[in-house]
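Listed below, chain by chain, are the residues.
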Amino acid sequence: MHKIVVANQCGCFKRSDLENNISFTSKDDALLKAIQMKEKMNSEFCGKHEFQVEEMQNNFVISFFTPKKTSCCGDGCCS
């Protein structure tokens, strides 16, 4: 059995129609679905986080990190 686990469930995920802990018998099917979910989350959610898929044993874990700012916005947080 292969599972898709969403490790960090932000508010956007909780409000979406996406499910957590989905099981598949096929590793390929699980990976394909995990990538589709990640792409949907990165394109349709608010953009505060960037989601990634990692394989951990028989699971595909979707987690996020907050991207670093690449330029200064001018509010003084960069100095």
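Everything here concerns the structure above.
In this text, all values refer to a predicted model and were calculated from it rather than measured experimentally.

Digging into the pattern of salt bridges
- Applying the stated criterion across every chain, the model contains two salt bridges.
- Among the salt bridges present, the one from Lys 40 reaches Asp 17, with a minimum N-O distance of 3.4 Å. Taken as a pair, Lys 40 in helix α2 (residues 27-44) and Asp 17 in the loop between α1 (11-15) and β2 (22-24) lie far apart in primary sequence, 23 residues in all.
- By relative accessible area, which is 27% here, Lys 40 ends up partly exposed.
- Note on Asp 17: relative accessible area 61%, which makes it exposed.
- One salt bridge connects Glu 55 with Lys 27, and the closest N-O pair in it is separated by 2.9 Å. Of this pair, Glu 55 sits in strand β3 (residues 50-56) while Lys 27 is found in helix α2, placing the two residues 28 residues apart along the sequence.

Describing the pairing of strand β4 (residues 59-65)
- Both strand β1 (residues 2-6) and β4 contribute to a ladder of four bridges, which runs parallel. In the strand pairing of β4, Ile 4 is matched with Phe 60.
- Where β3 and β4 come together, seven bridges link them in antiparallel fashion. Bridged to Gln 52 within β4 is Ser 63.
- Here β3 folds back onto β4 in antiparallel fashion, the turn holding two residues, of which Gln 57 has a positive phi close to 55 degrees.

Cut-offs used in this document
- Residues numbered from 1 in each chain as written.
- Predicted model: local features only at pLDDT ≥ 70, side-chain atom pairs only at ≥ 80, totals over all residues.
- Heavy atoms only, no water.
- Salt bridge = Lys/Arg side-chain N within 4 Å of Asp/Glu carboxyl O.
- Helix = DSSP H or I, 4+ residues; strand = E, 2+ residues; numbered from the N terminus.
- Buried < 20%, exposed > 50% of the residue type's maximum accessible area, 1.4 Å probe, protein only.
- Pairing = 2+ DSSP bridges.

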